[in-house]
Amino acid sequence: MLYVEEMEYLISVSLIRYLYRNMTTESSLNVSMGEHVDLLMARKLHWASSAVMGPTIALLGIIGNVLSIVVWIRKAMRSSTGNYLIALAAVDISVLLLFLLTDSIIYLYPFVVVSPAYGKFYAFVGYPIFYFSVIFSIWMLVAVTVDRFIQVWFPARAKVTGF
């Protein structure tokens, strides 16, 4: 019985791969040959950025953000800007991890796409939290900018208010 289930799984994976590869055929999109070549080039570029360069950059980014947190968490480095930068580094780590789990894993392990567990994770956890983290990272950067503006333009008030 297990053999039949494995065969059904392999057939469904093969069917999904076939449909994915042939989604952008010239007949299905009704595009010219030049546009078809552009679509193929875009797919190859997305593969290179998600499966090759993406994980490398993400791992370097995670290491850099962990080192940043280690430096800014020291007592001598504590300030309002330091607190913002610690939070920014933590959010950036979550962005990088979720990039690996939502975008890169599809190209590194294509069979994951057909897993119901991954579908639920992607729909309810990975995708929403990834974009929430991106937006939160942007607003943390805005907060750092406002904090630095106050400290540079109003240094006396910044010391009184604790900035």
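Residues numbered from 1 in each chain as written. Predicted model: local features only at pLDDT ≥ 70, side-chain atom pairs only at ≥ 80, totals over all residues. Heavy atoms only, no water.

Visitor: Can you tell me about the overall build of the chain, naming the residues and giving the values?
Guide: On a plain count of helices and strands, the chain comes out with six helices and zero strands. In the chain, the order of α-helices and β-strands from amino to carboxyl end is α-α-α-α-α-α. Classification of the 163 residues of the chain by burial places 25% in the buried group. When contacts within the chain are restricted to residue pairs at least 6 apart in sequence, those whose partners lie at least 24 apart make up 64%. Put simply, the chain shows about 11,500 Å² of open surface, and 74% of that area lies on carbon and sulfur atoms. (Helix = DSSP H or I, 4+ residues; strand = E, 2+ residues; numbered from the N terminus. Buried < 20%, exposed > 50% of the residue type's maximum accessible area, 1.4 Å probe, protein only. Contact = heavy atoms within 4.5 Å. Areas by Shrake-Rupley, 256 points an atom, 1.4 Å probe, with all protein chains shown as cover.)

Visitor: I'd like a rundown of the packing of aromatic side chains, residues and numbers included.
Guide: Tallied over the full model, the rule gives nine aromatic pairs. A centroid spacing of 5.6 Å and a plane angle of 45° characterise the contact between Tyr-122 and Tyr-127, whose relative ring orientation is tilted. Put simply, the rings of Tyr-118, Phe-121, Tyr-122, Tyr-127, Phe-130 and Tyr-131 pair up and form one aromatic cluster. (Phe/Tyr/Trp six-rings, centres within 6.5 Å; stacked < 30°, edge-to-face > 60°.)

Visitor: Any details on the nonpolar core? Residues and values, ideally.
Guide: As a rule of thumb, nonpolar side chains are buried together in soluble globular proteins. Core analysis: the largest hydrophobic core is formed by eight residues, namely Ala-58, Ile-62, Val-95, Leu-96, Leu-98, Phe-99, Leu-100 and Phe-130. Secondary structure elements with two or more residues in this core: α3 (33-72) and α4 (80-108). When residues in this core are grouped by element, the largest group, five residues, is from α4. Filtering out sequence-adjacent residues up to four positions away, Phe-130 remains in contact with Val-95, Leu-98, Phe-99 and Val-125. (Core = buried A, V, L, I, M, F, W, Y, C linked by side-chain atoms within 4.5 Å.)

Visitor: Talk me through the environment of Val-91; I want residue IDs and the actual numbers.
Guide: As for its placement among the helices and strands, Val-91 is situated in helix α4. Given the relative accessible area of 11%, Val-91 is considered buried. Along the primary structure Val-91 and Ile-138 are separated by 47 residues, whereas in three dimensions their C-alpha atoms are 9.8 Å apart. What Val-91 contacts, discounting residues up to four positions off in sequence, is Ser-133, Phe-136 and Ser-137.

Visitor: Pulling in residues and values, what's your account of a nonpolar patch on the surface?
Guide: Where nonpolar side chains cluster on the molecular surface, the patch consists of Ile-135, Ile-138, Trp-139, Val-142 and Val-146 and spans about 480 Å² of accessible area. Counting through the fold element by element, Val-142 comes out in helix α5 (residues 116-153). (Patch = residues over 30% accessible without salt bridge, like charges linked within 9 Å, V, L, I, M, F, W, Y side chains within 5 Å. Salt bridge = Lys/Arg side-chain N within 4 Å of Asp/Glu carboxyl O.)

Visitor: Talk me through α5; I want residue IDs and the actual numbers.
Guide: Taking 1.5 Å per residue as the helical rise, α5 with its 38 residues ought to reach 56 Å, and the 54 Å between its terminal C-alpha atoms agrees with that figure. Taking the largest bend as the criterion, α5 deviates by roughly 50°, centred on Tyr-122. Turning to α5, its buried residues are Tyr-118, Gly-126, Phe-130, Ser-133, Ser-137, Met-140, Val-144, Asp-147 and Gln-151. (Expected span 1.5 Å × (residues − 1). Bend = angle between axes of the 7 residues up to and from the residue.)

Visitor: Residue-level account of the packing of α4 against α5, with values.
Guide: For the pair α4 and α5, interaxial distance at closest approach is 8 Å and the crossing angle is 155°. With respect to α5, the axis of α4 lies roughly antiparallel. For the pair α4 and α5, the sense of crossing is left-handed. (Axes fitted to C-alpha atoms, helices over the stretch in contact; angles between N-to-C directions. Parallel < 35°, antiparallel > 145°, perpendicular 65-115°, else oblique. Left-handed = near helix turned anticlockwise from the far one by under 90°.)

Visitor: Describe α4, with residues and values.
Guide: Working note: α-helix, 3.6 residues per turn, so residues spaced by three or four point in the same direction. Look at α4: 40 Å from first C-alpha to last across 29 residues, which is about the 42 Å you get at 1.5 Å a residue. At Leu-100, α4 is bent by approximately 35°, the largest bend along its length.

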